[in-house]
Amino acid sequence: MGLKFQQSHHHSVAVKVNEQMGTKRGYTVIQSKRAWLPKFLLLWVIFVAIISIRWYKSMDDENKVRREEVLSSMCDQRARMLQDQFSVSVNHVHALAILVSTFHYLKNPSAIDQETFAEYTARTSFERPLLSGVAYAERVVHSEREKFERQHGWTIKTMEREPSPIRDEYAPVIFSQETVSYIESLDMMSGEEDRENILRARATGKAVLTSPFRLLGSHHLGVVLTFPVYKSKLPPKPTVEERIEATAGYLGGAFDVESLVENLLGQLDGNQAILVNVYDITNSSDHLIMYGLENQDGDMALLHVSKLDFGDPFRKHQMTCRYHQKAPTSWSALTTAFLFFVIGLLVGYILFTAANHIVKVEDDFHKMQELKVKAEAADVAKSQFLATVSHEIRTPMNGILGMLALLLDTDLSSTQRDYAQTAQVCGKALIALINEVLDRAKIEAGKLELEAVPFDLRSILDDVLSLFSEKSRNKGVEGDPGRFRQIITNLVGNSVKFTERGHIFVKVHLAESTKPAVDAKAETCLNGGSEEGVLKPGARQFKTLSGYEAADERNSWDSFKHLVADEESRYDASINMTVADETSENVTLMVSVEDTGIGIPLIAQDRVFMPFMQADSSTSRNYGGTGIGLSITKCLVELMGGHISFISRPQVGSTFSFTAVFGRCKKTSFTDTKKSKAEELPSNFRGLKAVVVDGKPVRAAVTKYHLKRLGILVEVASSVKIAASSSGKNGSSHGSKMQPDIILVEKDSWLSGEDGGLSLWMLDWKQNGHVFKLPKMILLATNITNAELEKAKAAGFADTTIMKPMRASMVAACLQQVLGTGKKRQPGNMLNGSSVLRSLLCGKKILVVDDNMVNRRVAAGALKKFGAAVECADSGKAALKLLQLPHSFDACFMDIQMPEMDGFEATRRIRMMESQANEQMNGCVEEGSARKGEWHVPILAMTADVIHATYDKCLKCGMDGYVSKPFEEENLYQAVAKFFQAKPISDL
Amino acid sequence: MDVVQLQRQLVDYKASLYNEAILDEQFTQLQELQDENNPDFVVEVVSLFFEDSERLLNELTKALEQQNIDFKRVDAHVHQLKGSSSSIGAQRVQKVCIAFRNCCEEQNVQGCLICLQQVKNEYSLVKTKLETMFKLEQQILAAGGSIPV
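Residues numbered from 1 in each chain as written. Chains lettered and ligands numbered in written order. Predicted model: local features only at pLDDT ≥ 70, side-chain atom pairs only at ≥ 80, totals over all residues. Heavy atoms only, no water.

### Concerning the overall build of chain B
- Looking only at helices and strands, chain B features six helices and zero strands.
- In chain B, the succession of α and β elements from N to C terminus is α-α-α-α-α-α.
- Here chain B holds 149 residues, and 50% of them are scored as buried.
- Accessible surface, chain B: about 7500 Å² in total, of which carbon and sulfur atoms supply 49%. (Helix = DSSP H or I, 4+ residues; strand = E, 2+ residues; numbered from the N terminus. Buried < 20%, exposed > 50% of the residue type's maximum accessible area, 1.4 Å probe, protein only. Areas by Shrake-Rupley, 256 points an atom, 1.4 Å probe, with all protein chains shown as cover.)

Encoded structure:
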């Protein structure tokens, strides 16, 4: 059944593991899109690139617009200025025309001749900066040519400076500015351009311009401006014919457009940056260039055209401007966009790597999680393994223990009994150890809970060691005795394991006491005196228990001596002593275990509390052990609210000390403890007198203390001789006062003093008339050979040797044997548990529920053996029927695994039934709240399973405990005692 | 036969049962439970065991002959048998039961059949041994001797 249970347990663990794996599979968004990451990166890069290109374009466009604006404003400015200057010049020419008309034609004779004209025009030329020169040509019709030529003394010439052929009309230049004096006498009508101009001018009466051409002389491109000069005043609205008729001549001026524009541009800013062209666009299909080069390079992309109006409606002009250079690349825009791109790229990259990193971390995390789950599963498997193994070990161990119990029932010598008892204790300790290993797992899972029951500190230490201070004994403490004992056992066990010589010294005192003096009073010192090897003569002696050096000097012999002295003076009074601070809730105990063993290597000191870590691998080879003890110890100490620490020096020894906080138990239980303790030790030695012969005062003090606990009066002598002399003296003078009943001789002292003194002493006594009652001589020894024993017997020692370490009960047993007092065998004592069990179970009515009839019969038999009245049920249902309220059962033992309704389910139902009944009852009574749950039949699970998890499950469904199957006395007692004791309390 | 000789024979026989691991410590405990108030306790329990086991073995044989084996049922029977055998300390039967249950869990028909055969063998062995022992005890009692512990 146990196995089946384990298996199902295992199975459930596996399922849990799977579930864990399942739920932890949740991936994040990034994880699920991991394949998309590079694509995301690419998209991002493209996006950033597009954005930056756009940005660049927009900035570039802005630049272009600005450039265009600048160009157009510059161009317009230039055009306007050119136009203004031109019109100023035209006005002047107009004025000149009027001048000529006025002074040449209206005056008679003419007030102007060539000289006057030349002078006047030269002096007013600043007014016409654009005109290279002005000239006046008279209108001469062919009929008047001869007269004209005669009058002037030259013939009219054509532009080619040849005498003019015959024409209808001529327009020879009569006045000219000096700058253009070369055109005097030339017929202006002979040039095609000029003729056209003249005709147009006299027809319109306005200033007219020629198309651009290369000027004579300068070869600059230029235009000729022509004004008609009329002889007489014209009618208000003259016709063309009238105008022609009235025409007297023509005033012309050559505009040197090229230098004009050149001048103009030179005055303005940004001249270098732009190219300016001026065109005559009268013929829209064929633009004539007036200024600038025809085929210029330069920025052809950007061009601005400004209209020019030179006052001649017939001709149209325009100015085109363009930049010299192509638009410079906008570096700022470019760098800005590029930087933006780079930043975007970096951001993308960072995000990408971050996402990748997250993916990686998550992958690792999942991997770790899987590993963790595996590790946990392995841990569970380990626990299962331990549980199984421990289960398997239990069975043979039970055999060993059973055999030992049988052996103890037989007639044994005290030594044999002691051996057998020790073996039994060890076997039980082994089973306890197995449970402790399981505890370790439980502590790791944080599931270990400490009990809080009153316990007797001394009895616990007594099991481990032997002696305890009266004072501490009186301090009632409440805690978990089993665990406290476990700690001390672990520490002392280690000490014993690693100590070859010297001593092991356990000290308990109250940590709450502040002053060392007070401290010492409350201290308790024990001497385990494990293996006191023979001291080398001349070796340095330390003031410790055995004379060997100890790691922690604070535990020196000085404080112990202090204590012993104190003990002596206070022993009698101490029973009534109470500790001053009894009011406080908690008691903090400080326990230290000192040994003179091999110590812990310095490098290993920081890991001694780690599980399965021993100082080095050779440790387990030489000394055995798993290395789990100290880690459990540490956990337990921490659970008790204390600390553990140690001081260790290699080859000198170690001192482990820990504190533990216990509750103070109530007076009632405190006195109970005391009573039970008093019962424990036989009182039939009271008043006996003894002499302890021991060369070592500490050891002697310990022996003395044990004897005192039995009520024996003790004297200490450092050697046999001293003992003999003092008692001899006493014997002679005070007779019965110091006649010892027992003489206890330490083996060392006996060997060193040899029996010379001893036999003399005996002789002395005989002679002194004390023959009627010779004192019994008992040897004290840690170990003794057969030869030595024979020798001791020969020397008059009793058969029984008291072996160390001492414990009060053991000393009592030995003394009983030696003195022949009391019964040789005390079966009542031996079968203490079983008799108590009998008293607990006797007359109780118990229900055993098990579907297996053999099991049922065995369980019933076992319970009947202890006097219980047993009834059986073969299923959960039958049990329910029997436990219908009201019933008379005192307890129920329930198998867990049963078909149809298992033990858990049955218990749940029983509890439900009970709580319903209780509610009804409480509803009727409705008074004392302390009365809670009248019906509560104790239910104990029967299981072969030793795992604590089962226990938890039992409690969960309302059971009160469990007993392992097959029944074992102690286990049964523990389980039964709990609720049969608890019952009277709840009834109070 | 001499009573002392019979007693010695009984002790040796018991020891051989322990040595051959047919019985374990649980049987010792069982014997401890027997006292004046309950003089036939062991015989009573053991015959209960025989009765129960034979029933279970029959059930098992039937269950395993079926076309569709109900492994749950088989497992429950084996569990019962295991419980009984561990209660009286018939550890070899118990051990085979453990193997049997493993086979059940694996639904291994062949294994189950083999285990069933083994259980039967072990059971008949322990039965013969115990019956021989009881016979010896009765002989001792008939001869007026007491049964050595």
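### Describing helix α5 (residues 142–152) of chain A
Residue and element names in this part refer to chain A.
- When α5 is considered as a whole, its buried residues turn out to be R145, F148 and E149. Axial view of α5: buried residues confined to an arc of 100 degrees, hence all on one face. Exposed and oriented more than 90 degrees from the buried face of α5 are S143, E146, K147, R150 and Q151.
- Where the residues of α5 are buried, they touch β1 (131–138), β2 (140–141), β3 (169–170) and β4 (173–176).
- A positive phi of about 80 degrees marks G153, the residue just after α5. (Arc of directions from axis to C-beta. Contact = heavy atoms within 4.5 Å.)

### Section: the environment of Q424 of chain A
Residues and elements named next belong to chain A.
- Structurally, the position occupied by Q424 is in helix α10 (residues 414–444).
- Remark: the alpha-carbon pair of Q424 and I400, spanning 24 residues in sequence, is separated by 8.1 Å.
- Leave out the neighbours within four places in its chain, and Q424 touches L401, L404, A405 and L408.

### Overview of the confidence of the model for chain A
Residues and elements named next belong to chain A.
- On average, residues of chain A score 72 in pLDDT, and 68% of them are at 70 or above.
- The model gives residues 667–679 a pLDDT under 50, and that stretch makes 13 contacts with residues more than four places away or in other chains.
- In this model residues 982–988 is a low-confidence stretch, pLDDT under 50, and it forms two contacts with partners more than four residues away in sequence or in other chains. (pLDDT = per-residue confidence, 0-100.)

### Remarks on the state of the cysteines
- On inspection of all chains with the given rule, the structure shows one disulfide over all chains.
- Here C75 of chain A is linked by a disulfide to C321 of chain A, with a sulfur-sulfur distance of 2.1 Å. Because the torsion about its S-S bond is 80 degrees, the bridge between C75 of chain A and C321 of chain A counts as right-handed. Taken as a pair, C75 of chain A in helix α3 (residues 37–106) and C321 of chain A in strand β12 (residues 317–323) lie far apart in primary sequence, 246 residues in all.
- Relative accessible area serves as the criterion here: at 0%, C75 of chain A is assigned to the buried category.
- Accessibility expressed as a relative area gives 0% for C321 of chain A, which makes it buried.
- The structure places no disulfide on C112 of chain B, whose sulfur is separated from the nearest cysteine sulfur, that of C104 of chain B, by 4.0 Å.
- By relative accessible area, which is 0% here, C112 of chain B ends up buried. (Disulfide = S-S within 2.5 Å.)

### So, the pattern of salt bridges
- If you walk through the whole model with that rule in mind, you get 21 salt bridges over all chains.
- Of the charged contacts in the structure, one is a salt bridge between E20 of chain B and K129 of chain B, with a shortest N-O distance of 3.6 Å. Taken together, the positions of E20 of chain B in the loop between α1 (3–19) and α2 (25–33) and K129 of chain B in helix α6 (residues 109–142) put the pair 109 residues apart, joining distant regions of the chain.
- The class for E20 of chain B is partly exposed, based on a relative accessible area of 37%.
- Among the residues examined, K129 of chain B registers a relative accessible area of 18% and is labelled buried.
- Of the charged contacts in the structure, one is a salt bridge between R73 of chain B and E59 of chain B, with a shortest N-O distance of 3.2 Å. One end of the pair, R73 of chain B, is in helix α4 (residues 71–88); the other, E59 of chain B, is in helix α3 (residues 41–65), and 14 residues separate them in sequence.
- What makes R73 of chain B partly exposed here is its relative accessible area of 40%.
- Looking at E59 of chain B, the relative accessible area reads 23%, which means it is partly exposed.
- In this structure, a network of salt bridges that share partners links the residues R139, E169 and R202 of chain A. (Salt bridge = Lys/Arg side-chain N within 4 Å of Asp/Glu carboxyl O.)

### Some words on the sheet that holds strand β11 (residues 304–308) of chain A
All names here are of chain A.
- With respect to topology, four strands assemble into an open sheet ordered β10-β9-β12-β11, the strand pairing being antiparallel. Each of the sheet's edge strands pairs with one partner strand only, and the pair in question is β10 (288–291) and β11. Direction aside, the axes of adjacent strands within the sheet are offset by 30 degrees on average.
- Pairing between β11 and β12: five bridges, direction antiparallel. Counterpart to H304 in the pairing with β12 is C321.
- Each of β9 (274–280), β11 and β12 touches α3; the most contacted strand, β11, lies at about 20 degrees to it.
- Helix α8 (residues 257–267) rests against β9 and β10 of the sheet, and its axis sits at about 50 degrees to β10. (Pairing = 2+ DSSP bridges. Axes fitted to C-alpha atoms, helices over the stretch in contact; angles between N-to-C directions.)

### A closer look at the UniProt feature "modified residue: Phosphohistidine" (unreviewed entry) in chain B
- In this numbering, the UniProt entry assigns the feature "modified residue: Phosphohistidine" (unreviewed entry) to H79 of chain B.
- For H79 of chain B, the location among the structural elements is in helix α4. (UniProt positions renumbered as here; feature names shortened; annotations may be inferred.)

### Remarks on the pairing of β1 of chain A
All names here are of chain A.
- Most of β1 sits out of view: seven of its eight residues are buried.
- Of the strand pairs in this sheet, β1 and β4 are connected by three bridges, and their pairing is antiparallel. Residue pairing for β4: A135 is matched across the bridge by S176.

### Points about the sheet that holds strand β26 (residues 869–873) of chain A
Residues and elements named next belong to chain A.
- Strands sit in the order β26-β25-β27-β28-β29 across an open sheet of five strands; the sheet is parallel. If you trace the sheet from one side to the other, it starts and ends with β26 and β29 (961–964), each paired once. When the angles between neighbouring strand axes are averaged without regard to direction, this sheet yields 25 degrees.
- By the bridge criterion, four bridges tie strand β25 (residues 845–849) to strand β27 (residues 891–895) in an arrangement that is parallel. Bridging from a neighbouring strand, V849 pairs with M894 of β27.

### Here's the deal with the interface of chain B and chain A
- At the interface, 29 residues of chain B touch 24 residues of chain A.
- Of the roughly 2300 Å² buried at the junction of chain B and chain A (both faces included), carbon and sulfur atoms supply 55%.
- For chain B, the biggest contributors to the area lost against chain A are E25, L33 and H79 of chain B; these three give 21% of the whole.
- Summed over the shared surface of chain B and chain A, the number is one salt bridge.
- Of the charged contacts in the structure, one is a salt bridge between R857 of chain A and E44 of chain B, with a shortest N-O distance of 2.3 Å.
- Remark: the boundary between chain B and chain A carries five residue pairs in polar contact (both at pLDDT 80 or more).
- Within the residue set of the side of chain B that touches chain A, elements represented by two or more residues are α2, α3, α4 and α5 (91–106) of chain B.
- Per-element accounting of the side of chain B that touches chain A gives the leading share, eight residues, to α4 of chain B.
- Tallied by class, the residues present in the side of chain B that touches chain A amount to eight nonpolar, 10 polar and 11 charged. (Buried area = accessible area lost by both parts, 1.4 Å probe. Polar contact = N/O pair within 3.5 Å; in protein donor to acceptor, adjacent residues only side chain to side chain. Nonpolar A, V, L, I, M, F, W, Y, C, P; charged D, E, K, R; others polar.)

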